[in-house]
Amino acid sequence: MFGSIAAIGAGLAVLGAGLGIGRIGGSAVEGIARNPEASGKIQTAMIIAAALIEGVALFGVVVGLLGAKA
Amino acid sequence: MDLILPDLGLLFWTGIVFCCLLFLLAKFAWKPILNAVNAREQKISEALELAVKTQAEMKALKAENDQILKEARAERDSILKEAKDAANHMIEDAKTKSKVEAQKIVDAARLNINSEKAAAIAEIKTHVATLAIEIAEKVVRGELASDEKQKALAEKLAGDIQMN
Amino acid sequence: MQHLSKLSFFMRKVAVLLAFMGMSGFSFANEEKEFNVSEMIMHHIKDAHEWHLFGSEHGGTSIYLPIILMDQGLKTFSSKHFYHGETVEVPSKDQGASLHYMKGVGPAAGYALYHEEIYKLNASGELHFDGEHPHNAQPMDFSITKNVMSLLMGAFLILIVMFSVAKFYRKNGAVAPKGIAKFLEPIIVMVRDDIAKANIDEHKYEKYVPYLLTIFFFIWFNNMLGLIPFLPGGANLTGNITVTLFLAVCTLLVTLFSGNKNYWGHIFWMPGVPVPMKFFMMPIEIIGIFTKPFALMIRLFANITAGHIIVLALISIIFVNKNPGWAGLSVPMALFISILEVLVAFLQGFLFAMLSALFIGAAVEEAHH
């Protein structure tokens, strides 16, 4: 669909982001299980951290879009 | 590439629209909404505070009420007791009084009866005496119808007197 | 739960119906040329001077939006004069492919529209291409494009909704909310408490609440409008780099103008580190001022654009394979992504406001040590 090398790059970015967000989610669940009272704060921190990682992954998407022919 | 290049026209319109939106919303939406929400929160916290205070007051009031009730109950008990005592006393009094009265009445009645009895006896006595006298008169009249008889009698009487 | 499944069933039915409707449009187009997924998607996520309603791309039904140009005076005319103008075909450098642009007619004479950009025709009355991009001059284009239209409608919608909420409170005073106020109040309170109060100093946060509320609702409402596939929505407004750039610049300006001595101190002369380190930190911190809003800009742009691309790509499965049977795969997947996008629409608004509050909070923070 798009430039195939860009697509591979986007795939790699997604891989990294997936690993990162997976870790955040896992740790957050662990944290909530240990300390259920702090679930609200943990969730907020989790979402912010996930968004930051997602942002990096989306840089990958943007670079992929740069290779797109329109 | 032009996907990630900003566009002057859209930037211009976004700026205008966003600034207008910010101004209008801040002035006519966020301010009244936040004011109302804050006012309500204030009201709720005040109401909660008041509720706690009222609860404490209620507790104090209840304690006071209980105290008053207790006192009232004690007073009532004492009044009742007093009343009962008074009633008993009165009954007792009335009883003795009535006894005395009854005794008096009985005594009076007895006295009356006795005096009546005496009077009746006296009357009977007089009656009997009269009757006796009448009879005696009649007898005497008969006795004394003749001279001898008068003489005999006189003698006899004289004899009696002499014997006395 | 049952409600939800009923709803999703209904939505699926609607989606299948829409897909079939699209199919019929596609089959017409098919007679002309091969279906190009990339081109279709790029066309949909980019701005346009018309609002395409239905039918094939050229010759279908569209709303022609006004064009406003600043080119030696103000020039306004309908975009109809481009779309119903003269289509010019130019051979491309690519193997045998050709580029199309539309020469304006009537009031639009002297201008041409190529890939939704307006160019001035050169002396010989055409665009001069070098590769894929024309080298002609461009007039300043202040047109009411599809995105501008969507922006206006979104702003109008926010105003209506928020004014009705405000009216409720003005009328009823500080009472328990009802109707739309009941729905929006928790969100407003969330922005105030969880976003503003949690990240900005307790004595200073109030000043920033209106800004954060506006930015949150602006992004959220426009994200949701973008998810609607037909008229009131469908534009890729919050997935447009210009809009996210503007919002990020707003946050940057608010942050810079509210920065106190402590904030600037941390940037230019980091306390608590050795002097050589201070010199080393300074450029990093200065770059940091700009990378934070830059990340905000890219995040919103890429998230929303990627969402649109995924939905369109999944629907395109049907047309690439030229078999309506593929709808069985593509429609549930597109539905799933659409529902995910509803969550993302909220989350991105929340995050933008949250991170803005975080930056502002760091700028107004007083020194503790």
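Right above here is the structure, for reference.
Summary of the structure given here.

1. Remarks on the overall build of chain A
The helix and strand inventory of chain A stands at two helices and zero strands. Here the C-alpha radius of gyration of chain A, 16 Å, is well above what a compact globule of 70 residues would show, namely 11 Å. Overall, chain A is about 50 × 15 × 15 Å in size when its C-alpha atoms are taken along their principal axes. Taken over 70 residues, chain A has a buried fraction of 23%. Accessible surface, chain A: about 4200 Å² in total, of which carbon and sulfur atoms supply 71%.

2. What about the interface of chain C and chain A?
Listed by partner, the interface residues are 23 residues for chain C and 17 residues for chain A. Together, the buried faces of chain C and chain A total about 1700 Å²; carbon and sulfur atoms form 79% of this surface. Its largest share of buried area at the contact with chain A, chain C owes to S38, M42 and R299 of chain C, together 25% of the area lost on that side. For the side of chain C that touches chain A, the secondary-structure elements that each account for two or more residues are α2 (37-45), α9 (275-321) and α10 (327-364) of chain C. In terms of residues, the side of chain C that touches chain A owes the most to one element, α9 of chain C, which gives 11 residues. In terms of residue class, the side of chain C that touches chain A is built from 14 nonpolar, five polar and four charged.

3. Some details on the layout of surface pockets
Space inside the second largest pocket adds up to approximately 940 Å³. If you go around the second largest pocket, you meet 31 residues; those closest to its centre are E54 and L58 of chain A together with N303, A306 and I310 of chain C. Elements that contribute at least two residues to the lining of the second largest pocket include exactly α1 (4-34) and α2 (39-66) of chain A together with α9 and α10 of chain C.

4. Some thoughts on the packing of helix α5 (residues 180-199) of chain C against α10 of chain C
Residues and elements named next belong to chain C. Running from amino to carboxyl end, α5 crosses α10 at an angle of 35 degrees, the nearest separation of the two axes being 8 Å. The handedness of the crossing between α5 and α10 comes out as right-handed. Taken together, the residues of α10 that come into contact with α5 (itself represented by I187, M190, D194, I195 and N199) are F346, F350, A353, M354, A357, L358 and G361.

Calculation notes
- Residues numbered from 1 in each chain as written.
- Chains lettered and ligands numbered in written order.
- Predicted model: local features only at pLDDT ≥ 70, side-chain atom pairs only at ≥ 80, totals over all residues.
- Heavy atoms only, no water.
- Helix = DSSP H or I, 4+ residues; strand = E, 2+ residues; numbered from the N terminus.
- Rg over C-alpha atoms; globule rule 2.2 N^0.38 Å.
- Buried < 20%, exposed > 50% of the residue type's maximum accessible area, 1.4 Å probe, protein only.
- Areas by Shrake-Rupley, 256 points an atom, 1.4 Å probe, with all protein chains shown as cover.
- Contact = heavy atoms within 4.5 Å.
- Buried area = accessible area lost by both parts, 1.4 Å probe.
- Nonpolar A, V, L, I, M, F, W, Y, C, P; charged D, E, K, R; others polar.
- 1 Å grid on protein atoms, 1.4 Å probe; cavity = no way out; pocket = protein on both sides within 12 Å on 5 of 7 lines; lining within 4 Å.
- Points joined across faces, edges and corners; volume = space filled by probe spheres on them.
- Axes fitted to C-alpha atoms, helices over the stretch in contact; angles between N-to-C directions.
- Left-handed = near helix turned anticlockwise from the far one by under 90°.

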